[in-house]
Amino acid sequence: MRYPKLRELKEAVKALLKGPYTSKFPSQPHQPFERFRGRPYFHEKDCMGCTACFQVCPARAIEYEDRVLNGRARRKFTLRWDICVFCGLCQANCPTEKGIMLSQEFALATTEDREALKQEIEKELLVCGCCAEPIVPVEQYGWVAKKIGPLLFSNSSLTLSYLREAGLAPREGLFPKKEMEFQRADRIKIICPRCRREAVLKS
Ligand code: SF4
Ligand code: SF4
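Residues numbered from 1 in each chain as written. Chains lettered and ligands numbered in written order. Predicted model: local features only at pLDDT ≥ 70, side-chain atom pairs only at ≥ 80, totals over all residues. Heavy atoms only, no water.

## Notes on the domain arrangement of the protein chain
Looking at the assigned domains, one finds that the protein chain contains domain 1 (32–125) and domain 2 (128–203). Spacing between the C-alpha centres of domain 1 and domain 2 amounts to 28 Å. Contact between domain 1 and domain 2 buries roughly 1000 Å² in total, counting both sides, with carbon and sulfur atoms accounting for 66%. In terms of surface lost to domain 2, no three residues of domain 1 exceed Met-48, Glu-124 and Leu-125, which account for 49% of the buried area on that side. Between Glu-139 and Lys-123 there is a salt bridge, with the nearest N and O atoms lying 3.2 Å from each other. In this structure, the connection of domain 1 to domain 2 is made through two residue pairs in polar contact (both at pLDDT 80 or more). Elements supplying a minimum of two residues to the side of domain 1 that touches domain 2: β2 (62–69), β3 (72–80) and β5 (118–127). Its residues assigned to classes, the side of domain 1 that touches domain 2 shows seven nonpolar, three polar and six charged. (Domains from an automatic or database assignment. Buried area = accessible area lost by both parts, 1.4 Å probe. Salt bridge = Lys/Arg side-chain N within 4 Å of Asp/Glu carboxyl O. Polar contact = N/O pair within 3.5 Å; in protein donor to acceptor, adjacent residues only side chain to side chain. Helix = DSSP H or I, 4+ residues; strand = E, 2+ residues; numbered from the N terminus. Nonpolar A, V, L, I, M, F, W, Y, C, P; charged D, E, K, R; others polar.)

Below you can see the structure in the form of structure tokens.
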């Protein structure tokens, strides 16, 4: 005959005194443990649109697309809860630490179309003043500017973007694609790294 081990006996006595570990969900609401990893949410105010969460997501539950619509360049993120495996890597790698956070929500079952199991957010993009391609989200430039402080004035794109956000430089709409040769003046525009290289070499 096999006798129960001491550890098992201790657990049995604890369960007798404290009651079972299991909850009565769904007949009674269930409160998950503090560090439970449930449904993730983008927190739009704290997200700068950098795509780090997209890059680390092992399930490809986060997608993004850059597009120009009605004269505005936007980056659209889609977070698919039907694909998410709740690993928490997105939250752990978000540079702002609050742009995407896992909640304690665990009851995701639905009879609706699974396409409805998603969250979408959009971020405004800066566009290259020469080739008209989207560069980075406006908020990402702002975040970098705050991080590096006065060093931002060593980069003309960052400087101009910072001055615009502060209301000290005019905001311009989307630029048409530049057809002419690069000129010196192009170096003090908001431009992408490829055009900056061309402007420096050819002007
Ligand atoms: S700021 Fe955070 S949540 Fe937003 S795109 Fe970057 S990593 Fe994702
Ligand atoms: S919790 Fe994991 S699987 Fe879900 S969105 Fe974040 S990184 Fe992707």
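Moving on from the model shown.
## Observations concerning the site of ligand 2
Around ligand 2, the surrounding shell consists of Cys-57, Pro-58, Ala-59, Ala-61, Ile-62, Leu-79, Cys-84, Val-85, Phe-86, Cys-87, Gly-88 and Cys-90. Its residues assigned to classes, the shell around ligand 2 comprises eleven nonpolar, one polar and no charged. (Near = heavy atom within 4 Å.)

## Looking at the pairing of β5
Looking at chain direction, β3 and β5 are connected through seven bridges and run antiparallel. Paired with Phe-77 across the strands is Ile-121, a residue of β5. As paired strands, β5 and strand β6 (residues 134–137) are joined by two bridges and run antiparallel to one another. Considered in β6, the bridge of Leu-125 is made with Pro-137. (Pairing = 2+ DSSP bridges.)

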